[in-house]
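# Working through the structure, step by step
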Amino acid sequence: MENFGSGLIGTVGFGTSPSRGDQPLFEELAMPLFASLYNFARWLVQNSNDAEDLVQETYLKALRGFASFQRGTNFRAWMFQILRNTFLSSRSKLDRRMTVAMDSEEDGPELAVDTETPETILMNRSNSQLVQRAIDDLPVHYRETFLLCEVEEMSYQEIAEILSIPIGTVMSRLARARKTVRDSLLGAPVSPLSGDLSHHFQMH
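In this report, we go over the structure that sits alongside the text. (Residues numbered from 1 in each chain as written. Predicted model: local features only at pLDDT ≥ 70, side-chain atom pairs only at ≥ 80, totals over all residues. Heavy atoms only, no water.)

## What about the pattern of salt bridges?
The full count for this structure, using the stated rule, is 6 salt bridges. Among the salt bridges present, the one from R76 reaches E158, with a minimum N-O distance of 3.1 Å. With R76 in helix α5 (residues 75–90) and E158 in helix α10 (residues 156–163), this pair connects stretches of sequence that are 82 residues apart. Residue R76 is classed as partly exposed on the basis of its relative accessible area of 24%. Two residues, R178 and E150, come together in a salt bridge whose shortest N-O distance is 2.8 Å. (Salt bridge = Lys/Arg side-chain N within 4 Å of Asp/Glu carboxyl O. Helix = DSSP H or I, 4+ residues; strand = E, 2+ residues; numbered from the N terminus. Buried < 20%, exposed > 50% of the residue type's maximum accessible area, 1.4 Å probe, protein only.)

Here is the structure:
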């Protein structure tokens, strides 16, 4: 990953940015997010090559649009939003229509977010392979919400900003995702687990 991140700098072409004065600041802000962005991309597209392409395109778009970033606001959320929008633009119109249809179904009474999270179950019942399978099986709009909360430890406000949805919808998706993951893991054979949740999600 470190080599890929270093190679990305040359590929993106920081030195050719129209706003050369902003280049050092952009690198300072953006490069520490590389591993998290790649990890998120990898879970979204479920393919390492596509994830690399997605992250590369994200950095290109972010660099070119850096002048539009409002200083003092959440840069991490801004980067994740660009990555997520880039991912959505690469999906078929059918997939996007399905996502919109699913979103419309979430406008009803929101589900309460469970206080018992999959992490407490994973500590006793699962392993990394089972965790990966359970997350992979989630629909994308649930998977991205779950990962941003459980792995990136983002607030509901940050997630809502990245996904361009109300906080209530974030809570609803998260509750459904947690329940689905929990049901999947509880139905799997018991096996030991060591380490925390984020450890098993890193560099999937």
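## Remarks on the environment of D50
Secondary-structure assignment places D50 in helix α4 (residues 48–64). Exposure remark for D50: the relative accessible area of 39% places this residue in the partly exposed category.

## A few points about the environment of A51
By secondary structure assignment, the location of A51 is in helix α4. A residue is classified by how much of its surface remains accessible, and A51, at 0% relative accessible area, is buried. Discounting residues that sit within four places of it in the chain, A51 has contacts with Y38, A41, R42 and V45. (Contact = heavy atoms within 4.5 Å.)

## Digging into helix α2 (residues 23–30)
If you check which residues of α2 are buried, you get Q23, F26 and A30. In a view along the axis of α2, the buried residues occupy a sector of 65°, so they form one face of it. Along α2, the residues that are exposed and aim more than 90 degrees away from the buried face are P24 and E28. Buried positions along α2 lie against α3 (34–45), α4 and α5. (Arc of directions from axis to C-beta.)

## A short note on unusual backbone geometry
Here Q46, not a glycine, exhibits a phi torsion of approximately 60°, which is positive. By the secondary structure assignment, Q46 is in the loop between α3 and α4. For E153, which is not a glycine, the phi torsion comes out positive at approximately 55°. With respect to the helices, strands and loops of the structure, E153 is situated in the loop between α9 (140–150) and α10.

## Description of the nonpolar core
Grouped burial of nonpolar side chains is what soluble globular proteins tend to show. Counting residues in each nonpolar core, the largest one holds 50 residues, and the members touching the most others are F26, Y59, F75 and M79. For this core, the elements supplying multiple residues, two or more each, are α2, α3, α4, α5, α8 (128–136), α9, α10 and α11 (167–186). In terms of residues, this core owes the most to one element, α5, which gives 9 residues. Apart from residues lying up to four places away in sequence, M79 is in contact with F26, A30, L33, L37, T58, Y59 and A62. (Core = buried A, V, L, I, M, F, W, Y, C linked by side-chain atoms within 4.5 Å.)

## Observations regarding the packing of aromatic side chains
When we look at a pair of aromatic rings, we describe it by the centre distance and by the angle of the planes. Counted by the stated rule, this structure contains 11 aromatic pairs. On the numbers, 5.2 Å between centres and 50° between planes, the contact of F69 with W78 is tilted. Residue classification places F69 among the buried residues on the basis of a relative accessible area of 7%. An aromatic cluster is defined as three or more aromatic residues linked by ring pairs; in this entry it consists of F26, F34, Y59, F66, F69, F75 and W78. (Phe/Tyr/Trp six-rings, centres within 6.5 Å; stacked < 30°, edge-to-face > 60°.)

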